[in-house]
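Okay, here's what each chain looks like letter by letter:
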Amino acid sequence: MKLAEALQERADLNKKIAQLRSRLVMNAIQQEGEKTVEDPQELMKELNHCIDNLQALICKINITNCNTIVKGKSLTEWIAIKDCLTLKIQSYREVLDAASRIAQRATRSEIKILSAIDVNNHQKELDAMSKELRIIDNTIQEINWTTALIS
């Protein structure tokens, strides 16, 4: 199994676990003399089985990410770089959006609102970071589809 397939399976397991939890909550109580729509004990068994599978899969994914080296860094490091760069880009976008909203004045006596940062210069930085993020993300995706999951 390739790493990308394991990541897809992990996402599927997470969705299934969320659904099972919801179904368990809906079937956790019953009216006296009535039966629940689904057997809570069976749902609990299935939930436990899915969680056990998820745990094993996460371990394999993490071991694979730590042991897969690309351009001198582990895949785990590349993921951390990508996550932090994404956070930085989001932060820059928020600041640039705020700095770009300059209030309109109706008269000269109203307070003039100015940008406290050089929007053009920071926009160029943001564009460069966005390009870097695309390159890193593409690299990670390529590695995910070409790397076998370590068992």
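Quick caveat, the model's predicted, so the values are computed rather than measured.

What counts, and at which threshold
- Residues numbered from 1 in each chain as written.
- Predicted model: local features only at pLDDT ≥ 70, side-chain atom pairs only at ≥ 80, totals over all residues.
- Heavy atoms only, no water.
- Core = buried A, V, L, I, M, F, W, Y, C linked by side-chain atoms within 4.5 Å.
- Buried < 20%, exposed > 50% of the residue type's maximum accessible area, 1.4 Å probe, protein only.
- Helix = DSSP H or I, 4+ residues; strand = E, 2+ residues; numbered from the N terminus.
- Expected span 1.5 Å × (residues − 1).
- Contact = heavy atoms within 4.5 Å.
- Polar contact = N/O pair within 3.5 Å; in protein donor to acceptor, adjacent residues only side chain to side chain.

Caption draft 1: Region of the structure containing the nonpolar core. Membership of the largest hydrophobic core comes to 27 residues, with the highest contact counts inside it found for Leu57, Ile61, Leu75, Trp78, Leu85, Ile89 and Leu149. Going through the elements one at a time, helix H1 (3–26), helix H2 (40–67), helix H3 (75–100) and helix H4 (119–146) are the ones with two or more residues in this core. Among the elements that make up this core, the one with the highest residue count is H4 (seven residues).

Caption draft 2: Quick look at H1. Between its terminal C-alpha atoms H1 stretches 35 Å, which fits the 34 Å expected from 24 residues at 1.5 Å a residue. For H1, the set of buried residues is Leu3, Ala4, Ala6, Leu13, Ile17, Leu20 and Leu24. Where H1 is buried, its residues contact H2, H3 and H4.

Caption draft 3: View of H4. The end-to-end C-alpha distance of H4, which contains 28 residues, comes to 40 Å, matching closely the 40 Å that a straight helix rising 1.5 Å per residue would cover. Next to the buried residues of H4 lie H1, strand E1 (69–70) and H3. One side-chain oxygen at the N-terminal end of H4 lies 3.3 Å from the backbone nitrogen of Asn120; it belongs to Asp118.

Caption draft 4: Here's a closer look at the environment of Cys50. Turning to its location among the elements, Cys50 is positioned in helix H2. Judged by relative accessible area, which is 4%, Cys50 ranks as buried. Remark: the alpha-carbon pair of Cys50 and Lys16, spanning 34 residues in sequence, is separated by 7.8 Å. Setting aside anything within four residues of it in sequence, one finds Cys50 in contact with Leu13, Lys16, Ile17 and Leu20.

Such coordinate-based values are descriptive only and should not be taken to indicate function.
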